[in-house]
Amino acid sequence: MVRFIVLAFFLLLVLLPIYWMVITSFKTNPEIINAQEITYYPHTVTMENYQSLFNMLDYGVYLKNSIIITLATAIVVVLLSIFGGYGLARFKFRGKGATLLFFLITQMIPSILVMIPLYIVFANMGIINTYLSLIIFYIATNLPFCVITMRSFFERIPYVLEEAAYVDGCGKLQTLWKIVLPVMFPGIVAVFVFAFIGAWNELIAGTIFINTPDMWTIPVGLKSLVGKYSVQWGALMAGGVLALLPSAIMFVFVQKYVVEGLTAGAVKG
């Protein structure tokens, strides 16, 4: 019973902000800004906040930019994590321990510390205000954790499966593709989702590396609704709901694999 109460409390902490965002997106503006009375559900359901969102912002452009950057990041991270994780799990080489330690240390460094040096590098390369600048940054920030997670999953797979494939005449790449990767599909999905969410929700790098509205991602576009003297709360909440939908829909279909993959990656390091 105590365990149930504790879990219910933490579940409430997670769901309450989402619930408040959703109901606020359907409230009228006077009801939102009314400081005299807090309403826990919309007294008058309206879609004007969603209409205002599309009237004030080029939301379709931001969605396209976010999808391109996020998918490119997630795909590259998955591919690099597969080869990096496999190498760290299956091969012995000098500096292997130092490499793992370096990956762990990078997780302790706030990404904001490297943004200004990277901005100078990207400016010299001429890739500021391009998809490539954000993709490189998101790959660099998500890759270490994903490689460690993938390595842990590779180590759960018995090496005898690969030895049997070698006996049958398969090469290393063929064995990896036909034997190993199908077995560790949950780990691949977990890494993909982690990289996807990390790139989809990121705001600061998008603000620093992107200069023009036509290149903004969804978080950067929604930030423009927060002005110096006022905040468009209704449109902001509507944008938050729409930004949440792709992640929520994806989790509905892959939650089983995500839980299995992240659990496997956390048990053995």
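Residues numbered from 1 in each chain as written. Predicted model: local features only at pLDDT ≥ 70, side-chain atom pairs only at ≥ 80, totals over all residues. Heavy atoms only, no water.

**Observations concerning the confidence of the model for the protein chain**
Move 1: A residue-level look at the protein chain finds 95% of positions with pLDDT of 70 or above and a mean pLDDT of 87.
Move 2: Of all the helices and strands in the protein chain, helix 13 (residues 233-267) carries the lowest mean pLDDT, 79, while helix 12 (residues 218-223) carries the highest, 94.
Move 3: For residues 265-269, every residue scores under 50 in pLDDT, and the model assigns this stretch 7 contacts once sequence neighbours within four places are set aside. (pLDDT = per-residue confidence, 0-100. Helix = DSSP H or I, 4+ residues; strand = E, 2+ residues; numbered from the N terminus. Contact = heavy atoms within 4.5 Å.)

**A look at helix 6 (residues 112-125)**
Move 1: Between the first and last C-alpha of helix 6 there are 20 Å, a value that for 14 residues agrees with the 20 Å anticipated at 1.5 Å per step.
Move 2: When the local axis directions of helix 6 are compared, the greatest deviation, roughly 30°, occurs at Leu118.
Move 3: At the exit of helix 6 stands Gly126, carrying a positive phi of roughly 80°. (Expected span 1.5 Å × (residues − 1). Bend = angle between axes of the 7 residues up to and from the residue.)

**Examining the side chain of Ser66**
Move 1: Considering the arrangement of structural elements, one finds Ser66 in helix 4 (residues 59-90).
Move 2: In this structure Ser66 comes out as buried when scored by relative accessible area, which is 2%.
Move 3: For Ser66, the residues in contact, after removing those within four places along its chain, are Trp200, Thr217, Ile218 and Pro219. (Buried < 20%, exposed > 50% of the residue type's maximum accessible area, 1.4 Å probe, protein only.)

**A look at the packing of helix 8 (residues 159-167) against helix 9 (residues 172-183)**
Move 1: At a minimum axis separation of 10 Å, helix 8 and helix 9 run at an interaxial angle of 125°. The orientation of helix 8 relative to helix 9 falls into the category oblique. For the pair helix 8 and helix 9, the sense of crossing is right-handed. In this structure, helix 8 contributes Leu161, Glu162, Ala165 and Tyr166 to the contact, and helix 9 contributes Lys172, Thr175, Ile179 and Val180.
Move 2: A class-by-class count of the residues in the contact of helix 8 with helix 9 yields 5 nonpolar, 1 polar and 2 charged. (Axes fitted to C-alpha atoms, helices over the stretch in contact; angles between N-to-C directions. Parallel < 35°, antiparallel > 145°, perpendicular 65-115°, else oblique. Left-handed = near helix turned anticlockwise from the far one by under 90°. Nonpolar A, V, L, I, M, F, W, Y, C, P; charged D, E, K, R; others polar.)

**Details of the environment of Cys146**
Move 1: Residue position: Cys146 is located in helix 7 (residues 131-155).
Move 2: Through-space distance from the C-alpha of Cys146 to that of Ala199 is 13 Å; in sequence the pair is 53 residues apart.
Move 3: The contacts of Cys146, once residues within four sequence positions are left out, are Val77, Ser81, Val191 and Phe194.

**Description of the environment of Ala123**
Move 1: Along the chain, the position of Ala123 falls in helix 6.
Move 2: What makes Ala123 partly exposed here is its relative accessible area of 41%.

**Remarks on unusual backbone geometry**
Move 1: Here the phi dihedral of Asn129 falls at roughly 65°; this positive angle occurs in a residue that is not glycine.
Move 2: Mapped onto the elements of the fold, Asn129 is located in the loop between helix 6 and helix 7.

**A closer look at the pattern of salt bridges**
Move 1: This model, assessed by the stated rule, comprises 2 salt bridges.
Move 2: Across the salt bridge formed by Arg90 and Glu162, the nearest N and O atoms sit 2.6 Å from each other. Here Arg90 is found in helix 4, whereas its partner Glu162 is found in helix 8, with 72 residues between them in sequence.
Move 3: Judged by relative accessible area, which is 0%, Glu162 ranks as buried.
Move 4: A salt bridge links Glu155 to Arg151; the shortest N-O distance between them is 3.3 Å. Here Glu155 and its partner Arg151 are both found in helix 7, 4 residues apart, which amounts to about one turn of the helix. (Salt bridge = Lys/Arg side-chain N within 4 Å of Asp/Glu carboxyl O.)

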